[in-house]
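Below, each chain spelled out in residue letters.
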Amino acid sequence: MQNANQEFSDEVSRGLRPGLTGRLIGLPGMETARARIAEWIAEAASPAHTGDLHMMLLGLRRFDTVNLAYGAVSGDGALAEVAARLQHCAASELEDPSIVAHAGGGKFMLAASEPCSRERWQLIAEQLADVVSRPIVVPAGVVRLSPRIALLRRQPREAVDAMLDRLSRALDRAQELRGQRLAWAEEGGKGGVAPPGRSAAQLEADLLGAIDRDEIGILFQPQFALSGGGVEDDRLMGAEALARWDHPEVGRIGARALFSIAERTDHLAPLSRHIAGRALTLAQGWPDHVRLSLNVTPTDLAFGSYVQQLLDLVRESGFPPRRLTLEVTEQALLHDVEQAAEMMAEFSAAGIRIALDDFGAGFCNFRYLKILPLHYLKLDRSMVDGIATDRRDLAVLRAIVAMAGALDLQVIVEGVESEAQRALIAAEGCTFYQGFLRAQPMSAERFLAVAQTSASGA
Ligand code: C2E
Ligand code: CA
Ligand code: CA
């Protein structure tokens, strides 16, 4: 039975069969993925060019034992959660076309059609591995998965099948490696694996000095209040601080990669402190109506001293606490929700508001909405992606906005990219939004100029 499964998923991952369960877990199968990748290759300006098409194949080690130990329902639930996490992560890291597909069993494929350095592709893989390794709550308990990832960049004139073949052989090898989660498919070789580029260990070492070398920067993404009129009538309401690492060799490293490296090096607390202190200082001169949002990591909330530390930083900066919002994800609450609720109550008492971030991205525990002192519900981008084209997506949004209203929560929508989406969220009664439609994350100087214009103008 296991062999038949193994054979089947091998065939699937080599693209010989479509992924049968793809639809069940909300992802396309390999057939669709191969067709899409073939289209990208056909459309490419210079087909001989290398470096614009990247793929990775993620395999969950010993996934069969999850089904055996927890039952097939829990196994399917875990796969669906992995699929949602991969999609969420890919959507936030990649700008150009990308596809996440189910390659059968415990295997997933990610392909992206964008110029990307070897280092960056590897960082994205590290991040996916981190995200997938986090505990997953299933009906029968909590599952921890152990992913392995094979990576490749397309070689000149390489066809889809050849790439898939290289990947799947490299993954087989990677599954056998101990203590190493990533393997590059060897170029031109027959299924070997090449050593990683700038290794995870090197990056971890680099991060230790990055704060002191002032390589960690902050961008601010404007947030707007929905008006009754058009998009240009929407008033600036605040900004979310988003961290970036300007690595001298690798180039710019995104927030998710930065935080997963920091997590592995136990460097989250100093990094969070640095970002919060910096953002608060930069926000100090903003006009009175403009709020600042800071992201809180799960690790922050696990430290009993976090509340006092942050309150001290706020006081030192002179930024008024009543204009500060903390964005907390459900992941951050998994550890100890009662303790998190107490900490949030202390923040609330100081006038700071709390937003539940990434709502709708993974599993939703509605109990959190009842027991936490929340002010805002921040809807994940995946909740609005389809509202302009799919009636069911709009129905889900409508129900959530109604529930938020009944709980006295204001809704902030994230990832608004089109006029159509903005018009719909306005009609549904959402209050605020951010997204590329109005503004990308920007430097502190540019944001200050935007804020000052908004204060003097409308
Ligand atoms: P998040 O809190 O959900 O932040 C929003 C992310 O969505 C940002 O990605 C932002 O650039 C992106 N985004 C905003 N509008 C759009 C849009 O219209 N379309 C698309 N495709 N994306 C949009 P970013 O900056 O890469 O941050 C990723 C995640 O890293 C954040 O997700 C947050 O969880 C974490 N993060 C970022 N900065 C910090 C930080 O300073 N502290 C902590 N603890 N976490 C951070
Ligand atoms: Ca956020
Ligand atoms: Ca979010």
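For the structure, see preceding data.
Worth saying up front: this structure is predicted, and the values here are computed from it rather than measured. (Residues numbered from 1 in each chain as written. Chains lettered and ligands numbered in written order. Predicted model: local features only at pLDDT ≥ 70, side-chain atom pairs only at ≥ 80, totals over all residues. Heavy atoms only, no water.)

### Points about the site of ligand 1
Working step 1: Taken together, 22 residues are adjacent to ligand 1, and Q221, R244, T297, E417 and F436 come closest.
Working step 2: Measuring from an oxygen atom of ligand 1, one finds a side-chain N or O atom of D358 at 3.2 Å.
Working step 3: Between ligand 1 and E414 there is a distance of 3.2 Å, counted from an oxygen atom to a side-chain nitrogen or oxygen.
Working step 4: Class assignment for the residues of the shell around ligand 1 results in 9 nonpolar, 5 polar and 8 charged. (Near = heavy atom within 4 Å. Polar contact = N/O pair within 3.5 Å; in protein donor to acceptor, adjacent residues only side chain to side chain. Nonpolar A, V, L, I, M, F, W, Y, C, P; charged D, E, K, R; others polar.)

### Comments concerning the pairing of strand 3 (residues 107–112)
Working note: regular strand, side chains alternate between the two faces of the sheet.
Working step 1: Most of strand 3 sits inside the fold, with 6 of its 6 residues counted as buried.
Working step 2: Taking every second residue as pointing to the same face, both faces of strand 3 are buried, with K107, M109 and A111 on one and F108, L110 and A112 on the other.
Working step 3: Alignment of strand 1 (residues 54–60) against strand 3, held across 6 bridges, turns out to be antiparallel. Opposite H54, over in strand 3, you have A112 as the bridge partner.
Working step 4: Bridge count between strand 2 (residues 98–102) and strand 3: 5 bridges; the pairing is antiparallel. From the neighbouring strand, I99 faces strand 3, where its bridge partner is A111. (Buried < 20%, exposed > 50% of the residue type's maximum accessible area, 1.4 Å probe, protein only. Helix = DSSP H or I, 4+ residues; strand = E, 2+ residues; numbered from the N terminus. Pairing = 2+ DSSP bridges.)

### A word on the coordination of the calcium ion (ligand 2)
Working step 1: Around the calcium ion (ligand 2), the protein contributes the donor atoms E240 (OE), N295 (OD1), E327 (OE) and D357 (OD), which lie 2.1 to 2.3 Å from the metal centre.
Working step 2: For the pair the calcium ion (ligand 2) and the calcium ion (ligand 3), the metal-to-metal distance amounts to 4.0 Å, and D357 bridges them. Residue E240 is located in strand 10 (residues 235–247), and its partner E327 is located in strand 13 (residues 324–329); the two are separated by 87 residues in the primary sequence.
Working step 3: Taking relative accessible area as the criterion, E240 reaches 4% and is therefore assigned buried.
Working step 4: The class of E327 is buried, set by a relative accessible area of 1%. (Donors = N, O, S within 2.8 Å, 3.2 Å for Na, K, Ca; no water.)

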